[in-house]
Amino acid sequence: MTKWSVDQSHSTIGFEVKHMMVSKVKGHFNSYTADVEAADLTDLTTASIQFGINVTSISTNNEDRDNHLKSPDFFSTDEYPEILFNSTNISKAGDDYKVTGDLTIKGITNTVTFDVEFGGKGVNPWGVEVYGFEAETKINREDFGLTWNAALETGGVLVGKDIKIKVELELNPAA
C-alpha cells in the first residue's frame, strides 16, 4: 500500500445548503487532514480513506454566519471541533466509484456514500504523479444533530435540511 497526500492548494472540501428556500449558501473548510492509502489509485477499490476536518476553519464568506455555525446552535466547535470520515467500503460503479463510510459530525455517526469520479492521472512539472478525484454526497443535517432553524414569515424555513457535500482532491505520493 502506498500513502498519498492531499495537495490542499489544489483541493477543496465544500458544502451547500438552501437559504430561505430560494437560494443557496456555499462554504468550505480551510483546514483538514487526510490519510489515503492505496495499492493503485487508478483502482480506488484498493484504497483506505480517512479525513479529519477542523470545523473552526469553516468559511462561508460571512464572519457572523461562520461564528453562528461554530456556536452551540450548529456545530458546537468547543465540544466537537472535528468532523471525521472513515471509509468502510469502496466499490466500482461503471467508470466511477461508490465510497461508503462512517461520517461523524457533532458526535453523531451515520453511514454515507459518496459518488466519486476519477478525474485522471498526470505528472506535474517536478516529475511527481498527480491524481484527481471529485466526490459528492447529500446528507440531512438533522441526522447529525444540526437542527437549529427559523420559520419565515412567508412560510418555510431559513435553512434547508439537505446539505450537499462536494470534495475535490488532488493526491500526490506522500513524501
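Located above this text is the structure these notes cover.
The shown structure was predicted, so the numbers you read here are calculated from the model rather than taken from an experiment.

The rules behind each value
- Residues numbered from 1 in each chain as written.
- Predicted model: local features only at pLDDT ≥ 70, side-chain atom pairs only at ≥ 80, totals over all residues.
- Heavy atoms only, no water.
- Helix = DSSP H or I, 4+ residues; strand = E, 2+ residues; numbered from the N terminus.
- Buried < 20%, exposed > 50% of the residue type's maximum accessible area, 1.4 Å probe, protein only.
- Contact = heavy atoms within 4.5 Å.
- Pairing = 2+ DSSP bridges.
- Phe/Tyr/Trp six-rings, centres within 6.5 Å; stacked < 30°, edge-to-face > 60°.
- Salt bridge = Lys/Arg side-chain N within 4 Å of Asp/Glu carboxyl O.

Visitor: Looking at this model, I keep getting lost on the environment of Val-55. Mind explaining?
Guide: Locating Val-55 in the fold gives a position in the loop between strand S5 (48-54) and strand S6 (58-59). With a relative accessible area of 1%, Val-55 lands in the buried category. Contact partners of Val-55, with chain neighbours within four places excluded, come to Phe-29, Phe-75, Thr-77, Tyr-80, Pro-81, Glu-82 and Ile-83.

Visitor: Would you mind going over unusual backbone geometry with me for this structure?
Guide: Leave glycine aside and you will find that most residues have negative phi; peptide bonds, for their part, are mostly trans. In this structure, Ser-76 takes a positive phi of about 50° despite not being glycine. Non-glycine residue Lys-106 carries a positive phi angle of around 55°. Topologically, Lys-106 is positioned in the loop between strand S8 (96-105) and strand S9 (108-123).

Visitor: Would you mind showing me how to read the pairing of S5 here?
Guide: Looking along a regular strand, one sees the side chains alternate between the two faces of the sheet. In this structure, strand S4 (residues 32-38) lies alongside S5, joined through 6 bridges in antiparallel fashion. Within S5, the residue paired with Val-36 across the bridge is Ile-49. Looking at chain direction, S5 and strand S7 (residues 82-93) are connected through 5 bridges and run antiparallel. Across the sheet, residue Ile-53 finds its bridge partner in S7, namely Ile-83.

Visitor: How should I be thinking about the packing of aromatic side chains in this particular structure?
Guide: Each aromatic ring pair is characterised by the separation of its centres together with the angle its planes make. Applying the stated criterion to the full structure yields 6 aromatic pairs. Arranged with centres 5.1 Å apart and planes meeting at 45°, the rings of Phe-118 and Phe-133 form a pair that is tilted. One end of the pair, Phe-118, is in strand S9; the other, Phe-133, is in strand S10 (residues 129-140), and 15 residues separate them in sequence. What makes Phe-133 buried here is its relative accessible area of 6%. An aromatic cluster is defined as three or more aromatic residues linked by ring pairs; in this entry it consists of Trp-4, Phe-118, Tyr-131 and Phe-133.

Visitor: Looking at this structure, how should I read the pattern of salt bridges?
Guide: Side-chain pairs of opposite charge can arise whenever the charged atoms involved come near each other. The final tally for this structure, using the stated rule, is 10 salt bridges. Residues Lys-24 and Glu-16 are paired through a salt bridge, measuring 3.3 Å at the closest nitrogen-oxygen approach. With a closest N to O distance of 3.8 Å, Lys-166 and Glu-134 form a salt bridge. Linking Lys-166 in strand S11 (residues 159-173) with Glu-134 in strand S10, this pair joins segments that are 32 residues apart in sequence. Taking the relative accessible area as the measure of exposure, Lys-166 reaches 32% and is therefore partly exposed. The class for Glu-134 is partly exposed, based on a relative accessible area of 37%. Each of Glu-16, Lys-24, Lys-26, Glu-136 and Lys-164 takes part in salt bridges that share partners, so that together they form one network.

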